[in-house]
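Coordinates in review
The lines below spell out each chain.
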Amino acid sequence: MVAEVAAFRGVGKNYGRVRAVDGLDLVLRPGETVALLGPNGAGKSTSLDLLLGLREPDQGSVTLFGGTPRSAIEAGRVGAMLQSGGLMADVKVRELVRLACDVHPRGRSVTGVLTDAGITELAERRVDKLSGGQEQRVRFALAIAGDNDLIVLDEPTTGMDVSVRQAFWASMRAQADAGRTVLFATHYLEEADSIADRVLVLHRGRLIADGSSAEIKARAGARRVSFELHDADFPTAAGQFFDEGVLRTLPGVQSLDVTARVPGVRTVRIRTADADASVAALYRSGLYPRGLEVAGLGLEQAFLTITGELDEAAKENVR
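The name given to the protein chain in an unreviewed UniProt entry is Sulfate ABC transporter ATP-binding protein, with the source organism recorded as Streptomyces rubellomurinus. One UniProt comment on the protein chain, placed under Subcellular location (unreviewed entry), says "Cell membrane".

So, in structure tokens, the structure goes:
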């Protein structure tokens, strides 16, 4: 049986009348790289706070490595990078990292931490002279100052430019390759798509999806059909080259976007629950699609579809 790194069992957390976490059941296992997704207010940060023992659940239990979060953290098994909390201002980066390594129960070498975090060139800079993205990289260095078994990251790449984000995730892959479990919350869904081998989706405090990125996309059940329509292919005396309503009535269509960025050429994007039926009906309608492409939804579109369906269901229940 594979050991549990962390477990939420029936966890609930309230802030007054707001139910931030609602009956959360979740298990993390060794070596996983897990993305935690959800819209603002979904309960992501609260769940991470509960995992790290910064807050206590009102219902249920949270365990780390079979014990309490506090005991796991005191043993040096967990590293964390949170949105909240500042950095010491009047010190150099190397000094701050050295302090973190020295106080960690399983501290690593300062040089190794600076290298793994990609901040060797910042080592002699004062912390209060760093940019926002550089500060994030220093926070990451503090999170890996020890030989942790679990690394928890809350919106880790906020403020980083694209190249730095890529370097950051290369560092994270190295942590996962070393056998550590990595849990990160992010608003950058392309990061979850390319980095995580497991994706969790929270909505209104509940876990609504749990699987690989491909499984989450498949659950949305829709596909994208895109093509161009050229006015020259079917002119009419009335000057109306096609009726957009024809596209809206294609079988399976869930959404439609038609843009005319070039005179005489319209780009059409359709989200459909039945791509085969939509494309067949498209040709039967007499239209001539150019550059036809059919693809699965990206993780972002799948995420919006799943959460949107729940929001619509909630509205119907209110009615």
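Here the narrative resumes.
So, on to the domain arrangement of the protein chain. For interface size, the figure often reported is the accessible area lost on association. Domain parsing of the protein chain yields domain 1 (6-218) and domain 2 (222-296). For domain 1 and domain 2, the distance between their C-alpha centres works out to 44 Å.

The subject of this paragraph is the packing of aromatic side chains. Applying the stated criterion across every chain yields a total of 3 aromatic pairs. Consider the rings of F168 and W169, whose centres lie 5.0 Å apart with planes at 85 degrees: the pair is edge-to-face. The two residues F168 and W169 agree in class, both being buried. A residue is classified by how much of its surface remains accessible, and W169, at 4% relative accessible area, is buried. Each member of the aromatic cluster is reached from another via a ring pair, and the members are F140, F168, W169 and F184. Over the aromatic face of F65 sits the side chain of R77, whose NZ or CZ is 3.8 Å from the ring centroid.

This next bit is on the pairing of strand β11 (residues 253-262). Of the pairings in the sheet, the one linking β11 to strand β12 (residues 265-272) comprises 7 bridges and is antiparallel in character. Of the residues in β12, the one forming a bridge with D257 is R269. Hairpin geometry of β11 and β12 is characterised by an intervening segment of 2 residues between the two adjacent antiparallel strands and by a positive phi of about 85 degrees at G264.

Let's shift gears to helix α8 (residues 213-220). Within α8, the full set of buried residues consists of S213, I216 and A220. The buried residues of α8 occupy an angular sector of 65 degrees when the element is viewed end-on, so they sit on one face. Those residues of α8 that are exposed and aimed more than 90 degrees away from the buried face are A214 and A218. The first or second residue beyond α8 is G221, which carries a positive phi of 75 degrees.

Now for the sheet that holds β11. Taken together, the 4 strands give an open sheet; going across it, the order is β11-β12-β10-β13, and neighbouring strands pair in antiparallel fashion. Single-partner strands in this sheet number two, and they are β11 and β13 (290-296). Averaged over all pairs of adjacent strands, the angle between strand axes in this sheet comes to 15 degrees, irrespective of strand direction. Lying on the sheet, helix α10 (residues 275-284) is in contact with β10 (223-230), β11, β12 and β13; it crosses β13 at an angle near 165 degrees.

A word on the packing of helix α4 (residues 110-117) against helix α5 (residues 132-143). Across the interface, α4 lies against α5 with an axial gap of 9 Å and an inter-helix angle of 135 degrees. In terms of orientation, α4 lies oblique with respect to α5. Seen along the crossing, α4 lies across α5 with a hand that is right-handed. Together, V113, D116 and A117 of α4 and R137, F140 and A141 of α5 make up the contact between the two elements. For the contact of α4 with α5, the class distribution of residues is 4 nonpolar, no polar and 2 charged.

What follows covers the nonpolar core. In terms of nonpolar packing, the biggest core is built from 46 residues, with L37, V93, V97, I119 and L153 touching the most fellow members. Leaving out residues up to four positions away in the same chain, V97 has contacts with V110, V113, L114, I119, A141 and L142.

What follows deals with the environment of R248. Residue position: R248 is located in helix α9 (residues 244-248). The exposure class of R248 is partly exposed, given its relative accessible area of 49%. Measuring from C-alpha to C-alpha, the distance between R248 and I270 comes to 8.9 Å, with 22 residues separating the pair along the chain. Residue contacts for R248: discarding those within four places in its chain leaves V253 and L256.

What follows deals with the pattern of salt bridges. The final tally for this structure, using the stated rule, is 22 salt bridges. Note that D49 is salt-bridged to R55, the shortest N-O span being 3.3 Å. We classify R55 as partly exposed; its relative accessible area is 37%. The salt bridge involving D116 is made with R108; its shortest N-O contact spans 2.5 Å.

Once that is clear, we can look at the sheet that holds strand β9 (residues 206-211). Read from one edge of the open sheet, 6 strands run β5-β6-β7-β3-β8-β9, paired in mixed fashion. A single partner strand is all that each edge strand has here, and the edge strands are β5 (78-81) and β9. Averaged over all neighbouring strand pairs, the angle between strand axes comes to 15 degrees, with direction disregarded. Where strand β3 (residues 33-37) lies against strand β8 (residues 198-203), 4 bridges are found, and the strand directions are parallel. Each residue of the ladder has a partner; that of L37, found in β8, is V201. Against the sheet, helix α1 (residues 44-51) makes contact with β3, β6 (150-154), β7 (181-185) and β8, and its axis sits at roughly 150 degrees relative to β6, the strand it touches most. Across the sheet, α8 is in contact with β8 and β9; its angle to β9 comes to roughly 115 degrees.

Rules and cut-offs
Residues numbered from 1 in each chain as written. Predicted model: local features only at pLDDT ≥ 70, side-chain atom pairs only at ≥ 80, totals over all residues. Heavy atoms only, no water. UniProt positions renumbered as here; feature names shortened; annotations may be inferred. Domains from an automatic or database assignment. Phe/Tyr/Trp six-rings, centres within 6.5 Å; stacked < 30°, edge-to-face > 60°. Buried < 20%, exposed > 50% of the residue type's maximum accessible area, 1.4 Å probe, protein only. Lys NZ or Arg CZ within 6 Å of the ring centre and 35° of its normal. Pairing = 2+ DSSP bridges. Helix = DSSP H or I, 4+ residues; strand = E, 2+ residues; numbered from the N terminus. Arc of directions from axis to C-beta. Axes fitted to C-alpha atoms, helices over the stretch in contact; angles between N-to-C directions. Contact = heavy atoms within 4.5 Å. Parallel < 35°, antiparallel > 145°, perpendicular 65-115°, else oblique. Left-handed = near helix turned anticlockwise from the far one by under 90°. Nonpolar A, V, L, I, M, F, W, Y, C, P; charged D, E, K, R; others polar. Core = buried A, V, L, I, M, F, W, Y, C linked by side-chain atoms within 4.5 Å. Salt bridge = Lys/Arg side-chain N within 4 Å of Asp/Glu carboxyl O.

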